[in-house]
Amino acid sequence: MRERFYWHTPKKDVWEKNSVMACASYLTKLDWNYKTSAEEQKQLQFYSTLCDYKPALGSWSLCIYGMLNDKGMNPNNSTFEKCLESLQGLCSLSNSTTANLTIGQYHNVLNNATRFAIPEPTDSTRPIEYPVAMNQTFRSRYGEAFHTHAYNLDISNYYGLLLCSYFLFVLLVASCFQYWDRTGFNAVLFKHKFFNYIRGHFLLPTLLKNHANYTNFKSITLGLFPTRLETAYLFGYQLTHLIFICIDYNYDPYNLLFKSKSLQRIRFFADRTGIMAFAQLPLIILFSTRNNIFEYFTGFKYSTFIMFHKWIGRTMVLDLILHAFAYTIYAVNYKNLSHSSKQSYFQFGIVACFIAILMIILSIGLIRKNFYETFLYSHIILAILFFYSCWKHVEKLGWKEWIFSSLAIWAMERIFRLIQLLNFGAPLAKFQLYGKDLIRITIPKTPKMNWNGRPGQYGFLYVLHPLIFWQSHPFTFIDADDHLIIVARAKTGATHTIFKQLVKQGGSTQFHVSIEGPYGTPTNLHHFTNVLLLAGGSGLPGLLDHASILAQDALKSNKIVYITLILVVRGHDILKAFKKEILALKPLKINLIIYDTALQLAGFGEATPNSDSTNSFHEPLLQSTSNILKDLQGSAIIYYKRPNLEKVLSDACDENKGLAIVCCGPPSFVDIVRNNTAKQVLKHPNKAIQYFEEFQCW
Ligand SMILES: Cc1cc2nc3c(=O)[nH]c(=O)nc-3n(C[C@H](O)[C@H](O)[C@H](O)COP(=O)(O)OP(=O)(O)OC[C@H]3O[C@@H](n4cnc5c(N)ncnc54)[C@H](O)[C@@H]3O)c2cc1C
């Protein structure tokens, strides 16, 4: 009989199955007078006697019938048909002809057994050659033993689903706040002492010192730490997960199926952790996708979803390890580890476990920060191998729905990315070098593109150069109607390849490019009358765009909006690269303040020299750009020092009744602004001070 293919795991705890398995389990222990040739004897499988020896098969049918009756189930034709299906499934494992029984033949077997069955002899030394009517107490205990086992499998799948629902709840809560943000209700809510106490202490600040910036231990990069809000969500997840791993186990008090009660516990724990590990796969994939509809609803940044992706992934790997460990103990106790290790499900399970651990190791902060491409491609290849191994591991067991749904999400998102790229096409973009390491990229837009970028959004840029065309890197762009502008700082990877080409070509060249996006939920600032925009280094484009659009909209609608744009730069290169956009702010009502920190030796904390500095190997290649600061005289306040961010924020919050603070810049700059904003929220419990961070790192 061909095995039926299921897209989802059918419920295990059904009496049509429990009865068949339980009766078989008991009856195989009896000494049947089943004579086979020596050759056949070698081929005998676990269910062979029950399937092929008529009195045993009759006893089996009778026992099943009795058990269904005990359970108050009417063993009518349809129930019996389901039992027959289960029975056929087991007999097909032994290649028995019983696998082809029709329901009519099955009834005949049952009728025959009913007529001739006699109770099982208690001390028989003679092999049994007649149908046996199983003792009702035993029958019921065996039934319960299988019921508890199957119940534990079902409930594990159910808890897996509930664990996913935890994030549904998180997304729902976040969507409410995002909706209230759009409608301006948060500005009312955040005037309340209670909310500001919670926000200032538990939601806004970084968990430890850094969030945007990598956290180091001595000189070792540990990774990116979540904000307190992200930590709260993740803590809730871990707690829910822990509870679901620990609760609601049903045990068989007679322990009829396992060698010992502790082995029964170990087996159920192994099942629970394995199923829970699988249940996390769709979330892991969903939260890694660039096109995630929940970003729009919740306002969560991609980096927040990646934070969830990482921690759910780690939890899943922990479950896998526990699952493998528990099963190994189980197999060792049954002394069948060497036999199990020859089974393909076991081998693929071990392989999947090792791949998952390797993925965790290869995605540590140190590797992501220094060898991003190595991390990315190894992650994708290992993920494919991992899914294949998982599939093979459970091919005949079930729970493949978790794999299907994950792969479906992954495939759909990839198709969506492709559509975005096809939509954008491959226009010829102009690349210009500014200063020591800044590349201004001007990409023409065509009406066919259907591209409408908003301030602060970003796209993944593909530069169609033979050495880097497969790579895509995120850059914030300014959408200037007929073209997009990106200013990229040359680092050591793809951007360095472009930089070298530019140096070779005298500072200006052209490449075909494509962009996947636009990504990121735009920050909605339109219901604020006071907006403080704090931009540092490469974080300028989004905030320049915000300032310009806010001021223009205010002008059009005759609304008074106080916009302060603070640009913190080291030297004039970045100002030159954005010269056109900065000068365009002059006629608008924007309080523009520029801090040039070039003359001040100290940076913003430890990471600034790496993240926002010029690279010593870059040849200076000056553009013939007039001094932008001269052009800005009279319309901007210019300081040649590092800003005291604490004071800047404190002054802004003291002066205004409510305030939106938007920040994008070098990681440590962003972390300082975040933590100081949290302080201001606590200092002004009755003011609606909202913080929007546009910087992202993952
Ligand atoms: C949302 C967003 C917007 C950004 N906007 C700008 C911008 O407007 N201007 C600008 O100069 N830079 C921007 N960046 C940073 C920019 O993406 C990286 O500098 C760029 O990817 C470096 O490419 P590379 O191959 O030269 O990197 P490398 O020299 O290999 O690495 C430099 C750093 O960039 C990170 N990085 C490399 N590739 C990626 C990637 N595909 N995704 C995420 N991080 C990566 C690495 O972890 C490392 O920390 C932005 C980053 C993000 C996440």
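Everything numeric here is computed off the predicted structure, so don't read it as measured data. (Residues numbered from 1 in each chain as written. Predicted model: local features only at pLDDT ≥ 70, side-chain atom pairs only at ≥ 80, totals over all residues. Heavy atoms only, no water.)

**Remarks on the state of the cysteines**
Just so we agree on the cut-off: Note on disulfides: each one is a pair of cysteine sulfur atoms within 2.5 Å. Labels follow the DSSP assignment, with helices taken as runs of H or I lasting at least four residues and strands as runs of E lasting at least two, numbered in each case from the N terminus.
In the structure shown here, the tally under the stated rule is two disulfides. Covalent S-S linkage joins Cys 23 and Cys 63, the inter-sulfur distance amounting to 2.0 Å. Looking down the S-S bond of the Cys 23 and Cys 63 bridge, the torsion is -80°, so its handedness is left-handed. Taken together, the residues span a long stretch of sequence, with Cys 23 in helix 1 (residues 15-27) and Cys 63 in helix 4 (residues 54-70) at a distance of 40 residues. The cystine pairing of the protein chain, numbering bonded cysteines in sequence order, is 1-3, 2-4. Left unpaired, Cys 246 is separated from the closest cysteine sulfur, that of Cys 164, by 18 Å. Here Cys 390 is not disulfide-linked; the sulfur of Cys 353 is the nearest cysteine sulfur, at 9.5 Å.

**Focus: the confidence of the model for the protein chain**
The following threshold applies: Within a predicted model, pLDDT stands for the predictor's per-residue confidence, ranging from 0 to 100. Any two residues whose heavy atoms approach within 4.5 Å are treated as being in contact.
Taken over all residues, the pLDDT of the protein chain has a mean of 91, while the share at 70 or more is 95%. This stretch, residues 602-625, has a pLDDT under 50; its non-local contacts, to residues over four places away or in other chains, come to 56 contacts.

**Observations regarding the nonpolar core**
The test is simple: Here the nonpolar core consists of buried residues drawn from Ala, Val, Leu, Ile, Met, Phe, Trp, Tyr and Cys, with membership extended through side-chain atoms lying within 4.5 Å. Exposed residues in this analysis have more than 50% of their type's maximum accessible area, buried residues have under 20%, and partly exposed residues fall in between, with area computed by a 1.4 Å probe over protein chains only. Domain start and end points were adopted from an automatic or database domain assignment.
Core analysis: the largest hydrophobic core is formed by 64 residues, its most contacted members being Leu 534, Leu 540, Leu 565, Leu 567, Leu 575, Ile 582 and Ile 661. Per-element tally for this core: the top contributor is helix 21 (residues 540-556), with seven residues. There are two domains that each give this core at least three residues, and those are domain 3 (425-519) and domain 4 (530-693). Residue contacts for Leu 575: discarding those within four places in its chain leaves Leu 540, Leu 567, Val 569, Ile 582, Ile 594, Ile 628 and Leu 629. Core analysis: the next-biggest nonpolar cluster, separate from the first, contains 51 residues, Cys 164, Tyr 233, Phe 387 and Cys 390 among them.

**Remarks on the UniProt feature "domain: FAD-binding" (unreviewed entry) in the protein chain**
As a reminder of what qualifies: UniProt positions are given in the numbering used here, feature names are shortened, and annotations may be inferred rather than shown by experiment.
Feature annotation in UniProt assigns "domain: FAD-binding" (unreviewed entry) to the following positions: residues 425-522. Spanning residues 425-522, this segment combines 11% helix with 47% strand, and its end C-alpha atoms are found 24 Å apart.

**Observations concerning the pattern of salt bridges**
Put simply, the test is: Within this document, salt bridges are pairs made up of a side-chain nitrogen of Lys or Arg and a carboxyl oxygen of Asp or Glu, the two lying within 4 Å of each other.
Here the structure, examined in full by the defined rule, presents 18 salt bridges. With a closest N to O distance of 3.0 Å, Glu 413 and Arg 417 form a salt bridge. Residue Glu 413 and its partner Arg 417 are both found in helix 19 (residues 401-424); the two are separated by four residues, about one turn of the helix. This pair shows no difference in class: Glu 413 is buried, exactly as Arg 417 is. Note that Lys 647 and Asp 651 form a salt bridge whose closest N and O atoms lie 2.8 Å from each other. Remark: Asp 651 and Lys 647 occur in helix 26 (residues 645-655); sequence separation between them is four residues, near one turn of the helix. Taken together, the salt bridges that share partners define one network made up of Arg 290, Glu 413, Arg 417 and Glu 516.

**Some details on the site of the ligand**
Here is the rule we go by: For this purpose, a residue is taken to be near a molecule or strand whenever a single non-hydrogen atom of the residue falls within 4 Å of it. Pairs of N or O atoms within 3.5 Å make up the polar contacts considered here, provided that, within protein, one atom can donate a hydrogen while the other can accept it, and that residues adjacent in sequence are counted only when both atoms are side-chain atoms. Where accessible areas are quoted, they stem from the Shrake-Rupley method and a 1.4 Å probe; at the residue level, only the protein chains shown are allowed to cover. Side-chain classes are defined by residue name, with Ala, Val, Leu, Ile, Met, Phe, Trp, Tyr, Cys and Pro counting as nonpolar, Asp, Glu, Lys and Arg as charged, and the others, Gly among them, as polar.
Looking at the ligand, there are 20 residues lining it, with Pro 474, Arg 489, Thr 492, Ala 494 and Thr 495 nearest. Separating an oxygen atom of the ligand from a side-chain N or O atom of Thr 492 is a distance of 2.6 Å. Within the backbone of Gly 493, an N or O atom sits 3.0 Å from an oxygen atom of the ligand. In the complex, the protein chains occlude 87% of the 870 Å² of accessible area that the ligand would expose alone. Of all the secondary structure elements, the ones that give two or more residues to the shell around the ligand are helix 17 (365-370), strand 8 (473-476), strand 10 (483-489) and helix 20 (494-504). Of all the elements, strand 8 adds the most residues to the shell around the ligand, at four residues. In the shell around the ligand, the residues fall into eight nonpolar, eight polar and four charged.

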